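# Architecture at a glance
The lines below spell out each chain.
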Amino acid sequence: METVYEFTLPKGYVDNSGNVHRRGKMRLATAGDEISATRDPRVLSNPSYLTIVILSKVITEMEGLEVITPSHIERMFTADMAFLQDMYQRINDINPPVMTVVCPKCGQVHEVAINFSQEG
């Protein structure tokens, strides 16, 4: 099973010296990553910050950078953020599983998302 995925950012992270960093690696997220991110004080005060904290945990490498921090992610171009969010969702299979069903009244075939939560 593949757990680490290489990527190339569309624009690239520009560091304080003007160097552009485009290549990196992202690993699959763990439950611990998501739980610890929700407890981060920055997320508690601003829930929109959750994506930034999670990405800083799962991006394991960026060419030329020793560590990846939330401040690195904050300074990325929006095109790169969108790219990384899409990649995160794809490699972690965030989309709910679907089931093919047949309507008992009309006979049409539909795909329906399976909801495992206890809510309606």
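In this report, we go over the structure that sits alongside the text. (Residues numbered from 1 in each chain as written. Predicted model: local features only at pLDDT ≥ 70, side-chain atom pairs only at ≥ 80, totals over all residues. Heavy atoms only, no water.)

## Structural notes on the overall build of the protein
Where we set the bar: Numbering of helices and strands runs from the N terminus; a helix is a DSSP stretch of H or I covering at least four residues, while a strand is a stretch of E covering at least two. Radius of gyration here is computed from C-alpha atoms only, and the compact-globule reference equals 2.2 Å multiplied by the residue count raised to the power 0.38. Residue exposure (1.4 Å probe, protein chains only): buried if accessible area is under 20% of the type maximum, exposed if over 50%, otherwise partly exposed. Contacts are assigned to residue pairs with any non-hydrogen atoms lying within 4.5 Å of each other. All accessibility values rest on the Shrake-Rupley procedure with a 1.4 Å probe; residue burial counts only the protein chains present in the view. By the counting rule applied here, Lys and Arg register as positive and Asp and Glu as negative, while His and the ends of each chain are not counted. Every charge is mapped onto a representative atom, which is NZ of Lys, CZ of Arg, CG of Asp or CD of Glu.
Assigned secondary structure in the protein consists of 5 helices and 5 strands. Counted from the first residue to the last, the protein has its helices and strands arranged as β-β-α-α-α-β-α-α-β-β. Computed over its C-alpha atoms, the radius of gyration of the protein comes to 18 Å, more than 25% above the 14 Å expected for a compact globule of 120 residues. The principal-axis extent of the C-alpha atoms belonging to the protein is close to 65 × 30 × 30 Å. When each of the 120 residues of the protein is scored for burial, the buried share is 29%. Pairs at least 24 apart in sequence give 49% of the contacts found in the protein among residues at least 6 apart. Entry remark: accessible area of the protein is about 8200 Å², with carbon and sulfur atoms responsible for 52%. Distance between charge centres in the protein, computed from 11 positive and 15 negative side chains, equals 2 Å.

## Side note on the environment of Cys103
Following the sequence through the fold, Cys103 ends up in the loop between strand 4 (98-102) and strand 5 (109-113). A C-alpha to C-alpha distance of 44 Å links Cys103 and Ser56, two positions 47 residues apart in sequence. When neighbours within four sequence positions are excluded, Cys103 is seen to be in contact with Gln108 and His110.

## With respect to helix 3 (residues 50-58)
By the burial criterion, the buried members of helix 3 are Ile52, Val53, Ile54, Leu55, Ser56 and Val58. Looking at the packing, one finds that the buried side of helix 3 touches strand 2 (20-27), helix 1 (31-38), helix 2 (41-45), strand 3 (59-62), helix 4 (70-74) and helix 5 (78-91).

## Here we look at the nonpolar core
Using the following cut-off: Definition used in this section: a nonpolar core is a set of buried Ala, Val, Leu, Ile, Met, Phe, Trp, Tyr and Cys residues joined via side-chain atoms within 4.5 Å.
In this structure, Met26, Leu55, Ile59 and Met62 are the most contacted members of the largest nonpolar core, which totals 24 residues. At the level of secondary structure, the elements contributing two or more residues to this core comprise strand 1 (4-14), helix 3, strand 3 and helix 5. Sequence-distant contacts of Met26, defined by excluding residues within four places in its chain, comprise Thr3, Val4, Tyr5, Phe7, Leu55, Val58, Ile59, Thr60, Leu84, Met87, Tyr88 and Ile91.

## Regarding the packing of helix 3 against helix 5
This is how the line gets drawn: In this analysis, axes come from line fits to C-alpha atoms, helices being fitted only over the stretch in contact, and the angle between any two N-to-C directions falls in the range 0 to 180 degrees. Working definition: roughly parallel below 35 degrees, roughly antiparallel above 145 degrees, roughly perpendicular at 65 to 115 degrees, and oblique for all remaining angles. By definition, turning the near helix anticlockwise from the far helix through less than a right angle yields a left-handed crossing, and turning it clockwise yields a right-handed one. Charged means Asp, Glu, Lys or Arg here, nonpolar means Ala, Val, Leu, Ile, Met, Phe, Trp, Tyr, Cys or Pro, and polar covers whatever is left, Gly included.
Running from N to C, helix 3 and helix 5 cross one another at 70°; their axes reach a closest spacing of 11 Å. Between helix 3 and helix 5, the angle is such that the two are roughly perpendicular. By crossing handedness, the relation of helix 3 to helix 5 is classed as left-handed. Each of Thr51, Ile52, Ile54, Leu55 and Val58 in helix 3 lies in contact with helix 5, whose residues at this interface are Met81, Leu84, Gln85 and Tyr88. Tallied by class, residues from the contact of helix 3 with helix 5 come to 7 nonpolar, 2 polar and no charged.

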